[in-house]
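# Close look at the chain arrangement
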Amino acid sequence: MGVARFSLFKIASSHLHRMHHPSALRQMSFASGLQNSTIFRSQGLIGGQWVAAHDGIWNFFRFNPSTGEIIADVPFMGRRETNDAISSAYQAFNSWSKLTAAERSKYLRKWYDLIMSHKEELGQLITLEQGKPLKEALGEVSYGASFIEFFAEEAKQVYGDIIPATLADRRLFVLKQPVGVVGAITPWNFPLAMITRKVGPALACGCTVVVKPSELTPLTALAAAELALQAGIPPGVLNVVMGNASDIGDALLASPQVRKITFTGSTAVGKKLMAGAAGTVKRISLELGGNAPCIVFDDADLDVAVKGAIAAKFRNSGQTCVCANRVIVQEGIYEKFAEAFSKAVQNLQVGDGFTEGVAQGPLINEAAVQKVESFLQDALSKGAKVILGGKRHSLGMTFYEPTVVTDVKSDMLLAREEVFGPVAPLLRFKTEEEAICIANDTNAGLAAYIFTNNVQRTWRVSEALEYGLVGVNEGIISTEVAPFGGVKQSGLGREGSKYGIDEYLELKYVCLGDMNRK
Ligand code: NAP
């Protein structure tokens, strides 16, 4: 089949009632405009061409998690298409890496401008395929675009060094050069930002990229790639393939032309990629799962702690790697906090992301809901108590009630692994030492949050936490200007900030001898 079958919102009869709802109408109007939109693409991008899978397989439907309706189908690609994409990235590297930094910067700036001028459409696309509330989706577009803008500037700041020589007739230089072709594998929870956070710095310093977005959210990635083409970024510099994840991953790992793998996703897949990269000794950056502690001390400002903990826990319905996974509360404030927190959580409106005022969309799929249910079941069987929510939402589909659980202990699954859903487990502690011990008792080390009004404690605890990011009296801390990344099994390397570009650069030492010869 040569042409994409675009199955525009096949409204199932069980969802007919939604058609009269304002959010359904909004979805419909966006969906009907989508087909004609200048950013909508449903094929892979290889060497500047929009292409189908070699074998013509298309039945790879994308669903709206809020309604179950089909949005579009995209090609199911594998090794062959990935190898084509690698070849075109390899060819494009030759010329892209030789442009001046200022030239690459201009392309990126243009791309940034185009993303921002299509902010509304991109936000709607994110809500449509991922489910997060439109306000959050629009926030993701700005956040995602900020990495392109930031690295457009950083492109011009890649300096080398001159090292004072140890012998009089020598001169020693350090050059920074792009690593080469990069394979970027990204998850569904931030369909745009997890891509731009990698592609921005990679392109800025002269690398070319093959992106593999999640099978659950390819349309945002393709729309961003279309805007890159519209910005004039040359064919082959940015390629997108999707389909069979392990085949695509294996092709990227096996190719000696791919010099780096950058991955955001689960720790289990990250470990596989790390092992696979050994075969060709590739550079590797990993942004993996977290198990964020959110520590509330007796001396915290209750309102600040409640607001911060809610932001850290319930953003994207609890489906972020930096989501507070354990709310660890000191005994003196435990009851007061539990009451104020669950009261505030109760006010979070659940519903379709296109509905005004909705703060909690659906979970990404049925497996995500079942994971939440099994974690909760484990906690309840070990003595935890649900004080709010605790079940599927009456809206059906994959909506789940925002949930607060008390009397959670460190041996429960809820405290040991990422629940990746709208469930806040409350644990209790007595002393600062105990809080640090509970917080660090995990293989993960991505984000941590503390709420306290004691300045000395802020420093002591921030230094003692084995985490890559610490938020103090703040639940939302990601920004393009600060380094993002984990320690322990949460990953390797940093994204964003002036440090982020180093992941895509090699250092080359050049020794010039015989200086005194005339
Ligand atoms: P995932 O299952 O690991 O998937 C991530 C990506 O890897 C997807 O594109 C997936 O493709 C692909 N993939 C799966 N198996 C693969 C294989 N064998 N070889 C190559 N690629 C493979 O993770 P997810 O469920 O999408 O995302 C949630 C996880 O990401 C959570 O653990 C979260 O904490 C983590 N995360 C971390 C960060 C961070 O910055 N540290 C940010 C966001 C999310 P398909 O989807 O097509 O199967």
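What you are looking at is a predicted structure, and each value in this text was computed from that prediction instead of being measured.

## Concerning unusual backbone geometry
A positive phi angle, near 55 degrees, is found at Ser317, a position not held by glycine. In this fold, Ser317 is placed in the loop between α10 (302–314) and β13 (324–330). With relative accessibility at 3%, the residue Ser317 sits in the buried group. Residue Ser497 is not a glycine yet carries a positive backbone phi of 70 degrees.

## Looking at the site of the ligand
Near the ligand you find 29 residues, and of these Thr186, Glu215, Ser266, Leu288 and Glu418 are the closest. A distance of 2.7 Å separates an oxygen atom of the ligand from a polar backbone atom of Thr186. Taking Leu288, its main chain carries an N or O atom lying 2.8 Å from a nitrogen atom of the ligand. With the chains in place, 87% of the 900 Å² that the ligand exposes on its own is no longer accessible. When residues of the shell around the ligand are traced back to their parent elements, those giving at least two are α6 (193–204), α8 (245–254), β10 (258–264) and α9 (267–277). Here the element with the most residues in the shell around the ligand is α8; it accounts for three residues. Residue composition of the shell around the ligand, by class: 14 nonpolar, ten polar and five charged.

## Topic: the UniProt feature "active site" (unreviewed entry) in the protein chain
Under the UniProt annotation, the feature "active site" (unreviewed entry) is placed at Glu287 and Cys321. Over a stretch of 35 residues, the named residues converge on one spot in the fold, their C-alpha atoms separated by at most 8.8 Å. When its relative accessible area of 4% is taken as the criterion, Glu287 is described as buried. Tracing the sequence through the fold places Cys321 in the loop between α10 and β13. Apart from the residues within four sequence positions on either side, Cys321 is in contact with Asn189, Leu288, Gly290, Glu418, Phe420, Leu446 and Phe484.

The rules behind each value
- Residues numbered from 1 in each chain as written.
- Predicted model: local features only at pLDDT ≥ 70, side-chain atom pairs only at ≥ 80, totals over all residues.
- Heavy atoms only, no water.
- Helix = DSSP H or I, 4+ residues; strand = E, 2+ residues; numbered from the N terminus.
- Buried < 20%, exposed > 50% of the residue type's maximum accessible area, 1.4 Å probe, protein only.
- Near = heavy atom within 4 Å.
- Polar contact = N/O pair within 3.5 Å; in protein donor to acceptor, adjacent residues only side chain to side chain.
- Areas by Shrake-Rupley, 256 points an atom, 1.4 Å probe, with all protein chains shown as cover.
- Nonpolar A, V, L, I, M, F, W, Y, C, P; charged D, E, K, R; others polar.
- UniProt positions renumbered as here; feature names shortened; annotations may be inferred.
- Contact = heavy atoms within 4.5 Å.

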